[in-house]
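Spelled out from the first residue to the last, the chains are:
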Amino acid sequence: MWTTFFTCMAVATLFLYLPGFFVGKALRFDSLLALACAPVASVAAFTLLAVVYGAVGVPCTWLNMLLPLVIVFGALFAVVLRRSSDKPARITRAEWMTAALYVAIGLALCLYVFIKSLDGPASFHCRNDNITHLNLVRAFHESGIWSTLTTSNFLASDPGEGSYAGTGFYPAAWHVMVALVLSFVDCDVTVAVNAMNAVVTGVVYPLSMAVFMRSLFPKKPLVAVAGAFVALGFTAFPWGFLIKGPLFPNLLSFELLPSVLAVLVNALERIPIPKSTLVRSVVFALISIVALALSQANALFTAFVFAVPLVCCRLHGYFAARQGKHGTGPRANMTFYIIYAVVVALLWVAMFKFPALSKVTTYELPEDVNLSIVNALFNMVSLSFMTAFPQWLLAGVTAIGAICLVASKKTWMVLPGAYMLVTYVLSKSVLGLPKQLLAGFWYSDPWRIAACAALFLVPVAAVGLAALVTTAANWIGQLTAPDEKASRQHRPTRRNLVLCSVSVLLAFSLVNYFPTYAELRNDDKFTTSFGYVKRRMSENYSQSRDQIYSAQEEAFVKKAQDTIPEDAVVVNVPIDGSVLAYGIDGLNTYFRYKFPEELTDESTLIRRELNQISERPDVRAAVESVGAEYVLLLDQGATLEDGKWFSYQTQKGLDNWKGIMSITDETPGFEVVLAEDDMRLYKIL
């Protein structure tokens, strides 16, 4: 099965990069930027094409999705190549090697942290968000309907078969990409999911970050190289999104984001922006908005946080340059900054008050507010965020980088990360409007905000790491200088710089990524930050542990599938883990959402009164109208205290399913088909 997994990775890479690369070249991006931005264009194009196919009733397959895009974008590139006189810059060998270093380290860390933590390529995380992810991917695959405008876990079911009759919008770009892989490779849903996440984490994000760092530091190759060693060095991102939620769509959107920001930085390099640059930047901005909005829209607000100080810096520099050699005075500077701040604040509040975003911006989970301000500050300073295991070396390197940037009058690069750090403290320690105003676009979720901070702090940490390398090289140069005068004038030789770069970067990597280890004296385990992340992943994706949908329960479901007709409708209790039985194993379950709200009238009667089927004609009629033939129970007789449930389960939540959960072997109207421990499959008589 591992062969299938790596085949899926190769296929996912092909879909992410092939069509989008032609778009980048048609926009006259240099080859490296076009390659790094290719997933942005591919995700946008595939997702929009799926919407078009859904509107006209054409089922989606990998062939009718990929082929038209390659033909159209390839032809567009050929036309532009012939007619345009604007030639992109040539990429040097050093730039290609730096980008390759990012990808090599990214793949190595992905293998070390994520893939090796799986106990098999079909492992899955039994958490709330995966209910939507796995079921929707299965529904896409079986129905051929991949439109983000009409999503439902019952797309492949006959009308009236499912407990939820409606469809609705969902940012399903990630699901579309996984469905593409499933359409090409015959494999389990979970294998395709893990392969896609491995590619976007190990390839897409490092390459995206490589061009972002190049745009920020075009004349500082050492900083760009250092960035390769810190890009995936924060446990908050990308690794936190593979644990929390899991937040797979947000993982994709944030990992596309650095390449989008790279284009923005390049576009604002000179103001006024040249016409050709402006045109291609606007076109790519529109493509990026589609890709990010249909992956997870909060990436757009993350981009806004970065853009605010960047645009401010560039505009101020432009106005200062127009004033001549004397520049602008203190009063003019103050006026400019006040006006700019007021405009940004008004725009932010307008977005916050926008009715379509109100459910997101006002969302708060009281359970997330579980630290005092002092403890939240400690997590912020130590970069432990949600893991509670400090990354002191990385924190120190980041602090050095911040000092260097401020000293070199590039404070704007520090501000996006600083904003997110402050917002993180509020999200962990207070409730109410101030937090919502700053953090609401990210559901006031500390995990997502910590991830934003990690994204913005990568360049800052890279500057700090490069400063350590330069300091070490200077120190060695002074030690080896023949006299004091030469020592003061001595600049580090290339040999010393290479030696120090290798030594410092390897030493940093050894400490930052070191796994949990046992002390020699007493065998006590010392948990490191990445050791904790690996342990969490191993536990969360383990199928040998007692999960909500355990290996034993999955085996029972597969026995049930072998016993009953293929398309038989099975009434289930979703909160016992069977909500995942459709997405993972393809069982035609009746309930594929955890919550009972907004379901059909028949489903309400079934979940409340099914045990009364022998006495209630209305219950019998409801069952017959949906075509249900069997009942599946995976935790028969379990209580709130002794059962294995999803997060935040309450007794009220259990009571919503009492009509099904109270069925026993003696309940009239049901016949035992399979029985094993507390698992039952009944036939409805």
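Definitions and cut-offs
- Residues numbered from 1 in each chain as written.
- Predicted model: local features only at pLDDT ≥ 70, side-chain atom pairs only at ≥ 80, totals over all residues.
- Heavy atoms only, no water.
- Helix = DSSP H or I, 4+ residues; strand = E, 2+ residues; numbered from the N terminus.
- Rg over C-alpha atoms; globule rule 2.2 N^0.38 Å.
- Buried < 20%, exposed > 50% of the residue type's maximum accessible area, 1.4 Å probe, protein only.
- Contact = heavy atoms within 4.5 Å.
- Areas by Shrake-Rupley, 256 points an atom, 1.4 Å probe, with all protein chains shown as cover.
- Pairing = 2+ DSSP bridges.
- Core = buried A, V, L, I, M, F, W, Y, C linked by side-chain atoms within 4.5 Å.
- Axes fitted to C-alpha atoms, helices over the stretch in contact; angles between N-to-C directions.
- Parallel < 35°, antiparallel > 145°, perpendicular 65-115°, else oblique.
- Left-handed = near helix turned anticlockwise from the far one by under 90°.
- Nonpolar A, V, L, I, M, F, W, Y, C, P; charged D, E, K, R; others polar.
- Phe/Tyr/Trp six-rings, centres within 6.5 Å; stacked < 30°, edge-to-face > 60°.
- Polar contact = N/O pair within 3.5 Å; in protein donor to acceptor, adjacent residues only side chain to side chain.
- Expected span 1.5 Å × (residues − 1).
- Bend = angle between axes of the 7 residues up to and from the residue.

Caption draft 1: The arrangement of the overall build of the protein chain in detail. When helices and strands are tallied, the protein chain shows 27 helices and six strands. Expected size for 685 residues packed as a compact globule is a radius of gyration near 26 Å; at 27 Å, the protein chain falls within 12% of this value. Along the longest, intermediate and shortest principal axes, the C-alpha atoms of the protein chain span 100 × 70 × 50 Å. Within the protein chain, the proportion of its 685 residues that are buried is 54%. Within the protein chain, counting contacts between residues at least 6 apart in sequence, those at least 24 apart form 75% of the total. Total accessible area on the protein chain stands at roughly 29,600 Å², and carbon and sulfur atoms take up 62% of it.

Caption draft 2: Spatial organisation of the pairing of strand 6 (residues 679-684). With five of six residues buried, strand 6 lies mostly within the body of the structure. As paired elements, strand 4 (residues 628-633) and strand 6 share four bridges and run antiparallel to each other. In the strand pairing of strand 6, V631 is matched with Y682. Across six bridges, strand 5 (residues 670-676) lies against strand 6 in antiparallel orientation. By the bridge assignment, L674 is partnered in strand 6 with L681. Counting the residues in the hairpin turn of strand 5 and strand 6 gives two residues, including D677, whose phi is positive at 55 degrees.

Caption draft 3: Structural view of the nonpolar core. Of all hydrophobic cores here, the largest spans 199 residues; its most connected members are M65, F114, W239, W442 and L580. Every residue in contact with L580, bar those within four places of it in the chain, is listed here: F124, C126, N130, I131, L134, N135, Y549, D585 and F646. Judged by nonpolar contacts, the second largest core, of 27 residues, contains F591, I606, I613 and V626.

Caption draft 4: Local environment of the sheet that holds strand 5. Strand order in this open sheet of four strands is 3-4-6-5, and the pairing throughout is mixed. Each edge of the open sheet carries a strand with a single partner, namely strand 3 (569-572) and strand 5. For this sheet the average axis-to-axis angle between neighbouring strands, irrespective of direction, equals 25 degrees.

Caption draft 5: Examining the packing of helix 1 (residues 2-26) against helix 7 (residues 189-216) more closely. One can describe the packing of helix 1 onto helix 7 by two numbers: an axis separation of 8 Å at closest approach and a directional angle of 50 degrees. In this view, helix 1 runs oblique relative to helix 7, as classed from their interaxial angle. For the pair helix 1 and helix 7, the sense of crossing is right-handed. On helix 7, the residues that touch T4, F5, C8, M9, A12, T13, L16 and Y17 of helix 1 are V191, A192, N194, A195, M196, A198, V199, V200, V203, V204 and L207. Its residues placed into classes, the contact of helix 1 with helix 7 shows 16 nonpolar, three polar and no charged.

Caption draft 6: The arrangement of the packing of helix 2 (residues 31-56) against helix 4 (residues 93-114) in detail. The contact between helix 2 and helix 4 brings their axes to 11 Å, and the two run at 20 degrees. The angle between the axes of helix 2 and helix 4 places the two elements in the roughly parallel class. Mapping the contact onto sequence places S31, L32 and L35 in helix 2 and E95, W96 and A99 in helix 4. Split into classes, the residues belonging to the contact of helix 2 with helix 4 amount to four nonpolar, one polar and one charged.

Caption draft 7: Structural context of the packing of aromatic side chains. Here the structure, examined in full by the defined rule, presents 39 aromatic pairs. On the numbers, 5.5 Å between centres and 75 degrees between planes, the contact of F29 with F284 is edge-to-face. Taken together, the positions of F29 in the loop between helix 1 and helix 2 and F284 in helix 10 (residues 275-296) put the pair 255 residues apart, joining distant regions of the chain. F284 carries the same exposure label as F29, and that label is buried. Both rings, one in F114 and one in Y541, keep their centres 5.9 Å apart while their planes meet at 80 degrees; by these two values the pair is edge-to-face.

Caption draft 8: Main features of the side chain of N197. Residue placement: N197 occurs in helix 7. A distance of 3.1 Å separates polar atoms of two side chains, one belonging to N197 and the other to W174. Excluding residues within four positions of it along the chain, N197 makes contact with F114, W174, L242, F248 and L251.

Caption draft 9: Expanded view of the side chain of S208. Mapped onto the elements of the fold, S208 is located in helix 7. For S208, the side chain forms a polar contact with the main-chain nitrogen of S259, separated by 2.6 Å. The residues touching S208, leaving out its near neighbours within four places in the chain, are A36, E255, L256, L257, P258 and S259.

Caption draft 10: Focus on unusual backbone geometry. Cis geometry is found at the peptide bond from F237 to P238, where omega equals 5 degrees. For P238, the location among the structural elements is in the loop between helix 8 (221-230) and helix 9 (248-267). Cis geometry is adopted by the peptide bond preceding P246, which originates at G245 and carries an omega value of -5 degrees. Along the polypeptide, P246 turns up in the loop between helix 8 and helix 9. Unlike most non-glycine residues, F385 shows phi in positive territory, near 50 degrees.

Caption draft 11: Summary view of the pairing of strand 4. Buried residues dominate strand 4, accounting for five of its six residues. Pairing of strand 3 with strand 4 involves four bridges; the strand directions are parallel. By the bridge assignment, V569 is partnered in strand 4 with A628.

Caption draft 12: Looking closely at the environment of M213. Relative to the helices and strands, M213 resides in helix 7. Residue M213 is classed as buried on the basis of its relative accessible area, which comes to 0%. Excluding residues that lie within four positions of it along the chain, M213 makes contacts with Y102, V223, G227, V458, P459 and A462.

Caption draft 13: Representation of helix 1 within the structure. The first and last C-alpha atoms of helix 1 sit 37 Å apart over 25 residues, in line with the 36 Å expected at 1.5 Å per residue. By the largest-angle criterion, G20 marks the main kink of helix 1, which is about 30 degrees. Downstream of helix 1 by one or two residues, R28 has phi in the positive range, about 65 degrees.

Caption draft 14: Representation of the environment of V381 within the structure. For V381, the location among the structural elements is in helix 14 (residues 373-382). Sequence separation between V381 and Q391 is 10 residues, and the spatial gap between their C-alpha atoms is 9.2 Å. If sequence neighbours within four positions are ignored, V381 has contacts with W392 and A395.

Caption draft 15: The arrangement of the environment of S157 in detail. For S157, the position within the fold is in the loop between helix 5 (128-143) and helix 6 (173-184). Take S157: its relative accessible area is 16%, and that puts it in the buried class. Each C-alpha atom of the pair S157 and I145 lies 12 Å from the other, and the pair is 12 residues apart in sequence. Excluding residues within four positions of it along the chain, S157 makes contact with N588 and R592. Reaching out from S157, the side chain makes a polar contact with the side chain of R592 at a distance of 3.3 Å.

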